[in-house]
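# Per-entry structural report
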Amino acid sequence: MADEKIQRLAREIYEEVGGVGNVEKLRHCMTRVRMDIRDYDKVDLEKLKAIDGVMGVVEDDTLQVVIGPGTVNKVAQEMVDMAGVKLGEAFPSNETAAGEGKSGKQLVEEKAAQMKAEQKEKHKNSSPFKAILKSISNIFVPLIPAFVGAGIIGGIAAVMSNLIVAGDIGTSWQQYVDVLNIIKNGIFAYLALYTGINSASEFGATPALGGIIGGVTMLTGMNAEAPLPNLFTGGTLSAGQGGIIGVIFAVWLLSLLEKQLHKVIPDSIDIIVTPTITLLVIGLATIFLIMPVAGVISNSLVGVINTILERGGMFAGFTLGLTFLPMVMFGLHQILTPIHMEMIAQTGQTLLLPILAMAGAGQVGAALALWVRCRKDTKLVEMIKGALPVGILGIGEPLIYGVTLPLGRPFITACIGGGIGGAVIGAFGNVGAIAIGPSGAALIPLIANNQWLAYVLGLLAAYAGGFAATFFFGIPKDMK
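Residues numbered from 1 in each chain as written. Predicted model: local features only at pLDDT ≥ 70, side-chain atom pairs only at ≥ 80, totals over all residues. Heavy atoms only, no water.

### Some thoughts on the overall build of the chain
For the chain, the count of helices and strands is 18 helices and four strands. In terms of overall dimensions, the chain is globule-like: its C-alpha atoms have a radius of gyration of 25 Å, near the 23 Å expected for 480 residues. Principal axes of the C-alpha set define a box for the chain whose edges measure 70 × 65 × 40 Å. Within the span of the chain, comprising 480 residues, buried residues form 46% of the whole. Element-wise, carbon and sulfur atoms account for 63% of the exposed surface of the chain, whose accessible area totals about 22,900 Å². (Helix = DSSP H or I, 4+ residues; strand = E, 2+ residues; numbered from the N terminus. Rg over C-alpha atoms; globule rule 2.2 N^0.38 Å. Buried < 20%, exposed > 50% of the residue type's maximum accessible area, 1.4 Å probe, protein only. Areas by Shrake-Rupley, 256 points an atom, 1.4 Å probe, with all protein chains shown as cover.)

Encoded structure:
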């Protein structure tokens, strides 16, 4: 029965986006099938949104169909299987254009030129900033499962360490803690390498070269007795200086240089000359220019954010919790991922994540209020039932696009609930997470310094705030 649902969703999505031939590429994130569309005129958005199992549709530089966690993996895989490609690969276009006497390839080439002009007109709101957000998303979304799994394992290790210190368990447990930390560090200790590889894939460079540039920032092999100089401060360089912000920028430069060299280096020696020159030039630039500059930027950024949170208290927490849902809606939250990682690298925790997680909790409260006030609306109630469990675990897109945002008012009152939860977290202060990925209740094991009770109180406040604001002020007039 479940397989039939997956096949039905895949088939019906294709039908409403103009068929398999109208899709350029397909991939997915935790909740959405993301498609590059060839001709948007063939897409019927209203019918797409009306498909049973589709929780919402987001129009951006890609067409994003919100399906929900777990199901999205299966539907995306079914769709690429139907097309005979892998996730992220270009879809074939070898059909014959009926009645036009042209091959599919010729038609698509003509259509691509036409669509390039049309999409430029349709997407006037596109900007370099949106392109940056998309790239950041593509770099880090594939790493989220690793962040989640390794982070939770690290959280378990932290709890066990605290129990050892408190004397609740014996020191013989330390070896198990060490093993768990080894597993956790498989991602966090070498994050620069993973970031370099994914950045290279995103920017069209050779992934292995991107991984090397990420590894360069770790300064492996540097002589401790004669450290490399920081040309800007007069001090010395330290491993990891500039963090992943520097890695992303360095790999972007690498991609530009590598592409140019491929154009001018003869094919017979390209495999030897291009990677050698690329690594030498970008490697030196990374060590002596990018790392010092990115180090100043990342240190300043983390310092400013920590200062705002420490001094802003409840007001800063309320503001961040209130505005995070709109950021998610517009995709702006992706820019925060490297900031979270820099905060963790420098201080051992990100103070932003627990506050921002309150936004999803506000949505849960709003959805519960809608369930109580609009229980006779069976379609809405069924939507809430499907989206609420994953919402509690911190995956908010099904509630955003399937419940609160389409109704308008509940989205605003959900934001208010998130602000209330953020204010509670801000009032406690120093409530941080040791890893990113989970949110909502799933973030509890990752709360640092035994501050999990403060986080839980923030969650409860956001639930209650979202519920009360929606119950009294957030029900649309036509639904009362």
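### What to know about helix H18 (residues 452-473)
A rise of 1.5 Å per residue sets the reference length of H18, with its 22 residues, at 32 Å; its end C-alpha atoms lie 31 Å apart and thus fit the reference within 8%. Taken together, the buried positions of H18 are Ala454, Tyr455, Gly458, Leu459, Ala461, Ala462, Tyr463, Gly465, Gly466, Ala469 and Thr470. Residues of H18 that are buried in the fold lie against helix H13 (352-356), helix H14 (358-373), helix H15 (378-392) and helix H17 (409-428). (Expected span 1.5 Å × (residues − 1). Contact = heavy atoms within 4.5 Å.)

### Looking at helix H8 (residues 191-203)
Helix length check: H8, at 13 residues, gives a terminal C-alpha distance of 18 Å against a target of 18 Å (1.5 Å per residue), a fit within 8%. With its phi angle positive at about 85°, glycine 204 sits one or two positions after the end of H8.

### Thoughts on the pattern of salt bridges
Opposite charge on two side chains allows them to pair when their charged atoms are near. Enumeration over the complete set of coordinates arrives at six salt bridges. Between arginine 8 and glutamate 12 there is a salt bridge; the shortest N-O distance is 3.2 Å. Of the two residues, arginine 8 and glutamate 12 both sit in helix H1 (residues 2-16), four residues apart, roughly one turn of that helix. Residues lysine 385 and glutamate 382 are paired through a salt bridge, measuring 3.6 Å at the closest nitrogen-oxygen approach. (Salt bridge = Lys/Arg side-chain N within 4 Å of Asp/Glu carboxyl O.)

### Quick look at the state of the cysteines
Evaluated as defined, the whole model comprises zero disulfides. Free cysteine: cysteine 29, not disulfide-bonded; nearest cysteine sulfur from cysteine 415 at 20 Å. Cysteine 374 carries a free sulfur, and the closest cysteine sulfur to it, the one in cysteine 415, is 18 Å from it. Among the residues examined, cysteine 374 registers a relative accessible area of 4% and is labelled buried. (Disulfide = S-S within 2.5 Å.)

### Focus: the layout of surface pockets
Considering only enclosed or pocket space, the second largest pocket measures out at about 820 Å³ in volume. Lining the second largest pocket are 30 residues, with Val54, Met55, Lys379, Met383 and Gly402 positioned closest to its centre. When the residues that make up the lining of the second largest pocket are grouped by side-chain class, the tally is 16 nonpolar, six polar and eight charged. (1 Å grid on protein atoms, 1.4 Å probe; cavity = no way out; pocket = protein on both sides within 12 Å on 5 of 7 lines; lining within 4 Å. Points joined across faces, edges and corners; volume = space filled by probe spheres on them. Nonpolar A, V, L, I, M, F, W, Y, C, P; charged D, E, K, R; others polar.)

### Some words on the pairing of strand E1 (residues 23-28)
Every other side chain in a regular strand lies on the same face of the sheet, so the side chains alternate between the two faces. Here E1 pairs with strand E2 (residues 32-37) via five bridges, running antiparallel. Paired with arginine 27 across the strands is arginine 34, a residue of E2. Remark: three residues form the turn of the hairpin made by E1 and E2, two consecutive strands paired antiparallel. (Pairing = 2+ DSSP bridges.)

### Describing the sheet that holds strand E3 (residues 56-59)
The pairing of strands in a sheet comes from backbone hydrogen bonds and takes either a parallel or an antiparallel form. Pairing in this open sheet of four strands is antiparallel, and the strands run E1-E2-E4-E3 from one edge to the other. With partners counted over all chains shown, the strands left at the sheet margins are E1 and E3, one partner each. Adjacent strand axes in the sheet meet at a mean angle of 20° when their direction is disregarded. (Axes fitted to C-alpha atoms, helices over the stretch in contact; angles between N-to-C directions.)

### Points about the packing of aromatic side chains
For the structure on display, the rule yields six aromatic pairs. Centroid distance phenylalanine 467 to phenylalanine 471: 5.7 Å. Interplanar angle 20°. Geometry classified as stacked. A residue pair is termed a helical-turn pair when its members lie 3 or 4 positions apart in one helix, as phenylalanine 467 and phenylalanine 471 do in helix H18 at four residues. On the basis of relative accessibility, which here comes to 28%, the residue phenylalanine 467 falls in the partly exposed class. Judged by its relative accessible area of 24%, phenylalanine 471 is partly exposed. With a centroid separation of 6.4 Å and 55° between ring planes, the pair formed by phenylalanine 472 and phenylalanine 473 is classed as tilted. Its relative accessible area of 59% is what places phenylalanine 472 among the exposed residues. A relative accessible area of 63% means that phenylalanine 473 is categorised as exposed. Among the aromatic residues, those joined into a ring-pair cluster are Phe467, Phe471, Phe472 and Phe473. (Phe/Tyr/Trp six-rings, centres within 6.5 Å; stacked < 30°, edge-to-face > 60°.)

### Regarding the packing of helix H11 (residues 267-329) against H17
For the pair H11 and H17, interaxial distance at closest approach is 6 Å and the crossing angle is 145°. The handedness of the crossing between H11 and H17 comes out as right-handed. Seen from H11, the contacting residues are Gly313, Met314, Gly317, Phe318, Gly321, Leu322, Leu325, Pro326 and Met329; seen from H17, they are Phe411, Ala414, Cys415, Ile416, Gly418, Gly419, Ile420, Gly422, Ala423, Gly426 and Ala427. (Left-handed = near helix turned anticlockwise from the far one by under 90°.)

### Overview of the side chain of serine 298
Positionally, serine 298 belongs in helix H11. Accessibility expressed as a relative area gives 2% for serine 298, which makes it buried. Beyond its immediate stretch of four places on either side in the chain, serine 298 contacts Gly242, Ile245, Glu342 and Gln346.

### Description of the nonpolar core
Membership of the largest hydrophobic core comes to 78 residues, with the highest contact counts inside it found for Phe140, Phe147, Met341, Leu443 and Tyr455. With nine residues, H11 is the single largest residue contributor to this core. When near neighbours in sequence (up to four residues on either side) are disregarded, phenylalanine 147 contacts Phe140, Ile187, Phe188, Leu191, Met341, Ala435 and Ile436. Of all hydrophobic cores here, the second largest spans 28 residues; its members include Ile13, Tyr14, Val17 and Met35. (Core = buried A, V, L, I, M, F, W, Y, C linked by side-chain atoms within 4.5 Å.)

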